Amino acid sequence: MEAKTTKIEIISRNTIKPSSPTPHNKRKLKLSLIDQTYSPSFAPMIFFYSTHSKGFSNSLEKSLSKTLVRFYTFAGRLKDNVFVDCNDEGGYIFEARINCKLLDFLQKPDPKLVPQFLPSSNPKHINNGLLLAQFTVFSCGGVAIGVSASHKIADGPSLTYLIQTWSSMSARKQDLEPPEIVGPSLFLPPDSPIQRNLPVMQGQVLASKRFVFSPSKLASLKAKVISSGTFSQSQLNNPSVVEIVSALLFKCAVAASQSASGVLRQHMNLRKRMTPPLSKNTIGNIIWSILVPFNESDEWELHDIVAKMRKGLTEFFNEKANRFREDGYSFVCEFLRMEAELAKKGIDVYCFTSARKHPLYQVDFGWGKPTWMTIPILNNNMFVLMDTKCGHGVEVWVTLEEKRMARFEKDEELLAFASVDPSTLSSYCRI
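Residues numbered from 1 in each chain as written. Predicted model: local features only at pLDDT ≥ 70, side-chain atom pairs only at ≥ 80, totals over all residues. Heavy atoms only, no water.

Draft legend 1. Broad picture of the side chain of Asn81. Positionally, Asn81 belongs in the loop between β4 (77-79) and β5 (83-85). A polar contact of 2.4 Å, which involves the side chain of Asn81, links it to the side chain of Lys152. A polar side-chain atom of Asn81 sits 3.3 Å from the main-chain carbonyl oxygen of Ile194. Beyond its immediate chain neighbours, meaning those up to four positions away, Asn81 contacts Leu31, Gln36, Lys152, Pro193 and Ile194. (Helix = DSSP H or I, 4+ residues; strand = E, 2+ residues; numbered from the N terminus. Polar contact = N/O pair within 3.5 Å; in protein donor to acceptor, adjacent residues only side chain to side chain. Contact = heavy atoms within 4.5 Å.)

Draft legend 2. Structural view of the sheet that holds strand β8 (residues 143-150). Pairing in this open sheet of six strands is mixed, and the strands run β1-β6-β7-β8-β3-β15 from one edge to the other. Looking at which strands have only one partner, the edges of the open sheet turn out to be β1 (8-16) and β15 (372-374). Across this sheet, the average inter-strand angle for adjacent strands is 15 degrees, counted without regard to direction. With six bridges joining them, strand β6 (residues 91-98) and strand β7 (residues 131-137) adopt parallel strand pairing. Bridge pairing in β7 links Ala96 to Thr136. Taken strand by strand, helix α5 (residues 156-170) contacts β3 (42-49), β6, β7 and β8, and its axis lies near 40 degrees from that of β3. (Pairing = 2+ DSSP bridges. Axes fitted to C-alpha atoms, helices over the stretch in contact; angles between N-to-C directions.)

Draft legend 3. Inspection of the side chain of Asp387 at higher detail. Of note, Asp387 is situated in strand β16 (residues 382-387). The class for Asp387 is buried, based on a relative accessible area of 10%. Side chain to side chain, Asp387 and Arg356 meet in a polar contact 2.9 Å long. For Asp387, the contacting residues outside a window of four places in its chain are Arg356, Lys357, His358, Tyr361 and Gly393. (Buried < 20%, exposed > 50% of the residue type's maximum accessible area, 1.4 Å probe, protein only.)

Draft legend 4. A look at the layout of surface pockets. Each pocket or cavity is described by its volume, and for the second largest pocket that value is around 340 Å³. The wall of the second largest pocket is formed by 16 residues, among which Ile290, Leu291, Gly312, Glu315 and Lys320 lie closest to the centre. For the lining of the second largest pocket, the secondary structure elements donating two or more residues are β13 (287-294), α9 (302-320) and α10 (323-345). Partitioning the lining of the second largest pocket into residue classes produces nine nonpolar, two polar and five charged. (1 Å grid on protein atoms, 1.4 Å probe; cavity = no way out; pocket = protein on both sides within 12 Å on 5 of 7 lines; lining within 4 Å. Points joined across faces, edges and corners; volume = space filled by probe spheres on them. Nonpolar A, V, L, I, M, F, W, Y, C, P; charged D, E, K, R; others polar.)

Draft legend 5. The arrangement of the nonpolar core in detail. Among the nonpolar cores identified, the biggest contains 64 residues, and Phe74, Phe105 and Phe117 are the most heavily contacted of them. Looking at this core, the element that brings in the most residues is β3, giving six residues. Not counting the four nearest positions on each side in its chain, Phe105 is found in contact with Phe48, Cys100, Asp110, Leu113, Val114, Phe117, Phe138 and Trp372. Tyr38, Val245, Leu264 and Ile287 belong to the second largest nonpolar core, which has 63 residues in total. (Core = buried A, V, L, I, M, F, W, Y, C linked by side-chain atoms within 4.5 Å.)

Draft legend 6. Layout of the pattern of salt bridges. Taken as a whole and judged by the stated rule, the model has 17 salt bridges. Between Lys173 and Asp364 there is a salt bridge; the shortest N-O distance is 2.8 Å. With Lys173 in the loop between α5 and β9 (180-181) and Asp364 in the loop between β14 (349-354) and β15, this residue pair connects regions lying 191 residues apart in the sequence. Of the residues examined, Lys173 reaches a relative accessible area of 48% and is grouped as partly exposed. The buried category is assigned to Asp364, whose relative accessible area is 12%. Between Lys251 and Glu413 there is a salt bridge whose closest N-O contact spans 3.2 Å. Here Glu413 lies in helix α12 (residues 412-415) and Lys251 lies in helix α8 (residues 241-256), a separation of 162 residues in the sequence. Members of the salt-bridge network, linked through shared partners, are Lys209, Arg210, Glu395, Glu409 and Asp421. (Salt bridge = Lys/Arg side-chain N within 4 Å of Asp/Glu carboxyl O.)

Draft legend 7. Fine view of α5. Across its 15 residues, α5 extends 21 Å between first and last C-alpha, which sits within 8% of the 21 Å expected from 1.5 Å per residue. In terms of residue burial, α5 counts as a mostly covered element, since 13 of its 15 residues are buried. Note on α5: the residue one or two positions beyond its end, Arg172, has a positive phi of about 55 degrees. (Expected span 1.5 Å × (residues − 1).)

Draft legend 8. View of the pairing of β14. When strand β11 (residues 262-269) meets β14, the two strands line up parallel, connected through four bridges. Across the sheet, residue Arg265 finds its bridge partner in β14, namely Cys351. Two strands pair when backbone bridges link them, and β14 and β16 are joined in this way by four bridges, in the parallel orientation. Note on β16: the bridge partner recorded for Ser354 is Leu385.

Draft legend 9. View of the sheet that holds β5. Read from one edge to the other, the open sheet built from three strands follows the order β2-β5-β4, with strand pairing classed as antiparallel. This sheet does not close on itself; its edge strands, each paired only once, are β2 (28-30) and β4. On average, each strand axis in the sheet is inclined to that of its neighbour by 30 degrees, with strand direction left out of account. As defined by bridge partners, β2 adjoins β5 across three bridges and the pair is classed as antiparallel. Across the sheet, residue Leu29 finds its bridge partner in β5, namely Val84.

Take a look at the structure:
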């Protein structure tokens, strides 16, 4: 008997507009300096729930409509990489069906199937919408909610807060603080729009896999990193989980490239680093990244990588971060020139972003907490770190060129601490 092919079928697509119109004085929002540097890609999140109430898709649409009153920029349209026309044209909800049970899918999520739980960002389907959602029902009654927002107006923390607000309204829970949409007030835009031109890689075949670090393995990895006399005697005697996991992944990725050099790109949330610090409900692109180059002459032990990462981070906040306020345009152009030069020379840049400590497993639309959630950003040389459900382990989506992935996933040092594509049904705390 021929095996049944698992597939997702789109049933409907609805436009969701704000339940009340955006005031005239908020109809135009300029893109900030940082907003302009981002490509018009979409930041995704997917949440899986074991049960839901029938007919709940209608309730989701109503609560999203109310949410868009507050998050009015997400219902607008981008104009010329300069501003958002907050014209209330709305976002979109796709409704879909999948011909399998949730538990069967979670046994070992197929990396090629996971992105299909996100709505298509094809302009033909969404009329240039900036917020998209997809409500997918499994044959058992379980559901997945995939949400994505244009990176031109939102970073990961912004999307997280929108989803928290939406789910709170859907479940009729305690109301959250309204968002603070800062626009260009923090990072003033230049007189002429910034153009970010990077070469498009053709013909690459990419592979994506999940790697999970259990709490016990993280403890072992941290002990290995700080056991170095050189490291423990420095001021870096308490490396973070993100630092040690990133160092290991970076080292193994460079080894898989069969190269002796590479650049670690580390994304940072600036909210807590601003003076005064910004609240979690501040909406916009308030993240930046630093480039940490490693060459053949550098030391490649894990503690050396962590120390150099920490040094780059410290130097940025002590010496460069204030330039956003003082001379942001020159600072950003300098960074983009460096980025373009690396691409021109063919030097691999490995991008690391983290959603750890975000309350993503608390997102409740009225069906309880997620059974699993994930953030599949599947760009080349991309590493996305997030918490496991227990909150003490780390799950990572890794995307590499296919031949490199074949070497990467067999790296003995990596496999000493990480499990490859484990079932999401097992407790990550006991892997």
